[in-house]
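Here is what each chain is made of, one letter per residue.
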Amino acid sequence: MAVNHSAFSESSSHFSPAWKVIARTAIGVSHQQQGHPCQDAYAYRQLEGGILLGAIADGAGSASHGAMGANLVVESSLDFLQRWHEFALRRGETRWLEKLDQPKTQRFFEHLLQRLRHDLQQRANESHCDLAALASTLLVFVAHPQGIIALQLGDGFLVIHRGDGVYQLVFTPDKGEFANETVFLTSADALQSLQVFQSTNPITFICAATDGLESVAIKRRNWSAFPPFFEPLEMYMRETPNPEQTPDYLENFLNSDRLNQRTQDDKTLLLAYYPAQGEADHADHTD
Amino acid sequence: MSVGLPEFVDNPENRCPVILLVDTSRSMTGSPLLELERGLAVFKSEVAKDAQASLSVEVAIITFGRSVSLAQHFTTVDEFVPPSLQADGLTPIGEAIEKGLELLEQRKATYREQGVQYYRPWIFLITDGAPTDQWQPAAERLHQAEQENKLLFFAVGVEGADFDTLRQIAPPHRPPVLLNGLDFSSLFVWLSNSMRRVSQNRVGDVIALPPVGWGQITS
């Protein structure tokens, strides 16, 4: 089952969250038919200072404990990121995120990857199964008022909008030669397959999803985001004061016949909107 | 609030490519070829029953007898018209396999150009005889491809086929199957059911193929 976390930072529970966020999972048609459990997982947290942590994972269908693996990696990722941030704050490095360039971001996420593999191995030992039984993909981002850092391992997609009209597909999903092949955290070549992104341009809207939605949202011929898919989602986020409290639009969409006719797999969608930046964009465009 | 709904991009369907290498040597004259043609018609109608498979499955047919020729280029079942086959000549299995592998590589290149995703391809060899050409290099290429998980190769022999050689051509873990009489229809029903499972396959799932009721696995 997907895990919904919108826990605030423990170090300060009295701040107004800067981002509007909502995430949902819908079970895929083929899984319902075959009685497979859902193996998607997601988690997100807001930290003081306009920081949003997000993670999405898709357990491998062939992995006996894929759901466990997926849930573990999203939680562990956010724990790792939160602890790192708190540690940085204690050292007075309040702007550590902004100062990450591409090589530093790469090293940072490699560190996270090692941590996750360690956690997975430990869980595998406890559960008396192979590491491979916990196989899952992973997509993680840390968004802040000045930009974003993100990693992707495997398939799924991350699309960002900076309010300039361009929806950017951040990573090309990692596919093997054949349809539905991908790479996992537990794969031997995980480190080489890790994709990392870093940008210091403020973000207005973020959409992260598992593979199930790729065929309807991403143009595969040139690996680009399909704007008519994302525009209504961004508008929903912009217009809705508290999406988590009015999730009908998103839930109806994810469970719609229209969508289920085009997709078979589990679908997880995480949407985030940063009103402060959105308003600034709007002000720019109305001069 | 009247927010519209996300629109969907048009992506091509994932493809399941299947290549049939069909023996049209002289000994296939009459009932064998007729039954085979009937089997192809069954294949089309069976695959057409499954909405997903009928969008995904692409079949190509290479015949080998007097010559090796492309009797049917890759087509989805809705456009597939089973060709009528003529029997004549010998049994150049080696050349047929080489042509099949080339055809496959060309198709993959096309897929990549078009951004089309595809499942692991299947190659089916159907013969009633023994190869009359050099088959060893082709068999080696096949075994290599199988080992690298690049394709799935099935050898089907009609009664009277040279199974000793077929056993050397087929990959070690998938020995040739002796067809029950001329029951190509059952073979093609099985193939269409298998294609249906492939087109619904998730990551890394071991596909449980339907039981082979149309022949006996010879090992």
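Residues numbered from 1 in each chain as written. Chains lettered and ligands numbered in written order. Predicted model: local features only at pLDDT ≥ 70, side-chain atom pairs only at ≥ 80, totals over all residues. Heavy atoms only, no water.

Some points on the confidence of the model for chain B
Filter applied, for reference: Every residue gets a pLDDT, meaning the predictor's confidence in that residue, from 0 to 100.
The share of residues in chain B with pLDDT of 70 or more is 95%, and the mean pLDDT across the chain is 91. Model confidence for the complex: the whole-complex pTM is 0.85, and ipTM, which rates the interface, is 0.88.

Quick notes on the interface of chain A and chain B
Quick reminder of the rule: Note on contacts: a residue pair qualifies if any of its non-hydrogen atoms lie within 4.5 Å across the two residues. As a working definition, buried area equals the accessible area (1.4 Å probe) given up by two parts on being put together, with both sides summed. Here a salt bridge means any side-chain nitrogen of Lys or Arg lying within 4 Å of a carboxyl oxygen belonging to Asp or Glu.
Opposite the 40 residues of chain A that make contact, chain B presents 31 residues. Between chain A and chain B the total buried area reaches about 3100 Å² when both faces are included, carbon and sulfur atoms providing 52% of it. Interface area lost by chain A to chain B is led by A:Glu177, A:Phe178 and A:Arg220, which between them contribute 21%. Here chain A and chain B share 4 salt bridges between them.

What about the nonpolar core?
In plain terms, the rule: As used here, the term nonpolar core means buried Ala, Val, Leu, Ile, Met, Phe, Trp, Tyr and Cys residues forming a set that is joined through side-chain atoms within 4.5 Å. Whether a residue is buried, partly exposed or exposed follows from its accessible area with a 1.4 Å probe, protein chains only, as a fraction of its type maximum: under 20%, in between, or over 50%, in that order. The secondary structure listing takes helices from DSSP runs of H or I that are at least 4 residues long and strands from runs of E that are at least 2 residues long, numbered from the N terminus.
Residues A:Val73, A:Leu81, A:Phe109, A:Leu138 and A:Leu185 are the most contacted members of the largest nonpolar core, which totals 40 residues. Every element with two or more residues in this core is listed here: strand 2 (40–47), strand 3 (51–58), helix 2 (66–90), helix 3 (102–127), strand 4 (138–144) and strand 5 (147–153) of chain A. Examining the composition of this core, we find that 8 residues originate from one element, helix 2 of chain A, more than from any other. With residues up to four places along the chain from it excluded, the contact list for A:Phe109 reads A:Ile149, A:Ala150, A:Leu151, A:Leu194 and A:Val196. Listed in part, the 36 residues of the second largest apolar core include B:Phe43, B:Val59, B:Ile126 and B:Val156.

Some thoughts on the pairing of strand 1 (residues 16–23) of chain B
Looking along a regular strand, one sees side chains alternate from face to face of the sheet. All names here are of chain B. As a reminder, the rule being used: A pair of strands counts as paired when DSSP detects no fewer than two bridges linking them.
Taking burial as the measure, the 8 residues of strand 1 include 8 buried ones, the bulk of the element. The side-chain alternation of strand 1 yields two buried faces, one formed by Cys16, Val18, Leu20 and Val22 and the other by Pro17, Ile19, Leu21 and Asp23. As paired elements, strand 1 and strand 2 (residues 57–64) share 8 bridges and run parallel to each other. Across the sheet, residue Cys16 finds its bridge partner in strand 2, namely Val57. The sheet contact formed by strand 1 and strand 4 (residues 122–127) spans 5 bridges and is parallel. Note on strand 4: the bridge partner recorded for Ile19 is Ile123.

Digging into the environment of B:Met195
Residues and elements named next belong to chain B. Locating Met195 in the fold gives a position in helix 6 (residues 184–199). Judged by its relative accessible area of 1%, Met195 is buried. Placed 57 residues apart in sequence, Met195 and Ala138 show a C-alpha to C-alpha distance of 25 Å. Aside from chain neighbours lying at most four places away, what touches Met195 is Cys16, Val18, Val57 and Trp122.

Let's talk about the environment of B:Leu151
Residue and element names in this part refer to chain B. Within the element layout of this structure, Leu151 appears in the loop between helix 4 (136–147) and strand 5 (152–157). Given the relative accessible area of 3%, Leu151 is considered buried. For the pair formed by Leu151 and Arg120, sequence separation is 31 residues and the distance between their alpha carbons is 5.4 Å.

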